[in-house]
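Inside the fold
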Amino acid sequence: MLSMMDFRMNTFITVCRCMNFTKAAEQLNITQPAVTQHIHYLEAFYGAKLFAYEGKRMYLTKAGDVLYQATVTMKHDEIYLKESIRDLNKREKRLLFGATLTIGEFVIAEHLKTYLDVYPDMEIKMTVGNTSELLDKLCLGEIDFALVEGNFTNKEYDCMVYSQERYIPVCGKDYFFKREPEQLMDLLSERIMIREKGSGTREILEKNLQARNLCVEDFRHVVEIGGMNAIKLLVESGCGITFLYEAAVRKELENGIIKEIKLKDFHMIHDFKFIWNKGSVFSDNYREICNLLKGESL
């Protein structure tokens, strides 16, 4: 199959993800000596070692890390370019992207509606997942860009701020506190409802707690739930408290079925980021799409 990217680069990416020549060979359906030969070729071509060992643990050298970041971007751009050329006669643009749960369900819908009003023939496919899942899909070229609330490695992605959102503690309208909370520490005696590990909503809470030398386990009881709506329903019914972006509970706050827990020492605003693979040749296009989705150029 014709490819702009050398087949040895594909071997290199697979080895980076497996960190094991044997496993990489199995995934690529080639022999281990062939994998070794491909890596030696690249090391000779670039004049640098790409992998090193610490005991039995295999890791990327600095040169290998630089090549990996560039190769991932090249692979994605090739996929994007191929599909853009293939579909040139069908449509001018497409939106193939990912969004974390809060953004996908509670933030971007209104912007997408406005976008579709202006571009009714646009083809859109949005994948919803947690931050780590979307970063994997972006790396694999399965999506073109992502809107995330969680943390990511800046050196691997280019980004723009999509929106800024308040992050607040909430409870049901009739939730009973033995003593009205004034500070974050006052909530540790409560049952907390949290998202699964890897979600941006949980990650921001863990970072904030860590800065105060606390952790999720310091709450009296911890209930971990993968679905945002399930958490909101449990909180509405008085089963515990939670921390969510205001955007995710705006309707419930307005209807009075959920209320914000006002604390003197907890005031957080977090950036939702629009990200894509660093150095992509389509960076200007992604910046334009971000501005369009924010409604700045519609």
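Residues numbered from 1 in each chain as written. Predicted model: local features only at pLDDT ≥ 70, side-chain atom pairs only at ≥ 80, totals over all residues. Heavy atoms only, no water.

1. Overview of the overall build of the protein
For clarity, the threshold we go by: Counting from the N terminus, the helices are DSSP H or I runs at least four residues long and the strands are E runs at least two residues long. The buried label applies to any residue whose accessible area, calculated with a 1.4 Å probe on protein chains only, is under 20% of its type's maximum; exposed applies above 50%, and partly exposed to all values in between. Only heavy atoms enter the contact rule, under which two residues are in contact if any of them lie within 4.5 Å. Per-residue accessibility takes into account occlusion by the displayed protein chains alone, with areas from the Shrake-Rupley method and a 1.4 Å probe.
Summing up its helical and strand segments, the protein has 10 helices and 11 strands in all. On the principal axes, the C-alpha backbone points of the protein span a range of 70 × 55 × 30 Å. When burial is assessed residue by residue, the protein has 48% of its 298 residues classed as buried. Excluding contacts between residues fewer than 6 apart, the proportion of contacts in the protein whose partners are at least 24 apart in sequence is 74%. Surface exposure of the protein reaches about 15,900 Å², of which carbon and sulfur atoms provide 51%.

2. Here we look at the pairing of strand β1 (residues 51-54)
In plain terms, the rule: Two strands qualify as a pair provided that DSSP identifies no fewer than 2 bridges between them.
Judged from the 4 bridges that link them, β1 and strand β2 (residues 57-60) form a sheet pairing that is antiparallel. Residue pairing for β2: F51 is matched across the bridge by L60.

3. Brief notes about the pairing of strand β4 (residues 123-128)
Our working rule: The definition of a right-handed crossover adopted here requires that, viewed with the strands pointing away, the path from the first strand over the helix to the second runs clockwise.
Both strand β3 (residues 94-99) and β4 contribute to a ladder of 6 bridges, which runs parallel. Each residue of the ladder has a partner; that of G98, found in β4, is T127. Chirality of the crossover, the property in question, places the unit of β3, helix α5 (residues 101-118) and β4 among those that are right-handed.

4. With respect to the side chain of N208
Tracing the sequence through the fold places N208 in helix α7 (residues 200-211). Those residues in contact with N208 that lie beyond four places of it in its chain are L184, F266 and M268.

5. Focus: the pattern of salt bridges
Pairing of side chains with opposite charge becomes possible as their charged atoms draw close. Condition: Any carboxyl oxygen of Asp or Glu within 4 Å of a side-chain nitrogen of Lys or Arg constitutes a salt bridge here.
Within the structure shown, the criterion is met by 18 salt bridges. Ionic pairing is found between K232 and E252, a salt bridge with its closest N-O pair at 2.9 Å. Of the two residues, K232 is situated in helix α8 (residues 228-236) and E252 in helix α9 (residues 250-255); the sequence distance between them amounts to 20 residues. Across the pair, E252 and K232 agree in class, each one buried. Between E260 and K262 there is a salt bridge, with its nearest N and O atoms 3.3 Å apart. Each of R166, E246, E260 and K262 takes part in one network of salt bridges that share partners.

6. Focus: the packing of α5 against α8
Pairs of packed helices are described in terms of their axes, by the angle between the two and the distance that separates them. Stated formally: Angular values range over 0 to 180 degrees, each being the angle between N-to-C directions of two axes fitted as lines to C-alpha atoms, with helices fitted over their stretch in contact. Convention used here: angles under 35 degrees read as roughly parallel, angles over 145 as roughly antiparallel, angles from 65 to 115 as roughly perpendicular, and any remaining angle as oblique. Only Asp, Glu, Lys and Arg are considered charged in this grouping, and only Ala, Val, Leu, Ile, Met, Phe, Trp, Tyr, Cys and Pro are considered nonpolar; every other residue, Gly among them, is considered polar.
Put simply, α5 and α8 touch, their axes get as near as 11 Å, and they point 75° apart. As judged from the angle between their axes, α5 and α8 are roughly perpendicular. Along the contact surface, α5 presents L101, T102, E105 and F106, while α8 presents M228, N229 and K232. When its residues are assigned to classes, the contact of α5 with α8 shows 3 nonpolar, 2 polar and 2 charged.

7. Focus on the environment of K232
The exposure class assigned to K232 is buried, which follows from its relative accessible area of 5%. Along the sequence, K232 and V170 sit 62 residues apart, while their C-alpha atoms lie 9.4 Å from each other. Non-local contacts of K232, meaning those with residues more than four positions away in its chain, are made with F106, L244, A248, V249, E252 and I258.

8. Topic: the nonpolar core
For clarity, the threshold we go by: Side-chain atoms within 4.5 Å are what join buried Ala, Val, Leu, Ile, Met, Phe, Trp, Tyr and Cys residues into a set we call a nonpolar core.
Counting residues in each nonpolar core, the largest one holds 45 residues, and the members touching the most others are L95, F145, L187, I241, F243, F274 and L293. With residues up to four places along the chain from it excluded, the contact list for L187 reads P169, F177, P181, F219, I241, F243, I261 and L263. Core analysis: the next-biggest nonpolar cluster, separate from the first, contains 19 residues, A25, L67, Y68 and C139 among them.

9. Looking at helix α1 (residues 7-18)
Here is the rule we go by: In this scheme, a helix's expected span is set at 1.5 Å multiplied by one less than its residue total.
For α1, which comprises 12 residues, the first-to-last C-alpha distance of 17 Å matches the rise-based estimate of 16 Å (1.5 Å per residue) to within 8%. Across the 12 residues that make up α1, a large majority, 9, are buried. Once α1 finishes, M19 follows within two positions and takes phi at roughly 50°, a positive value.

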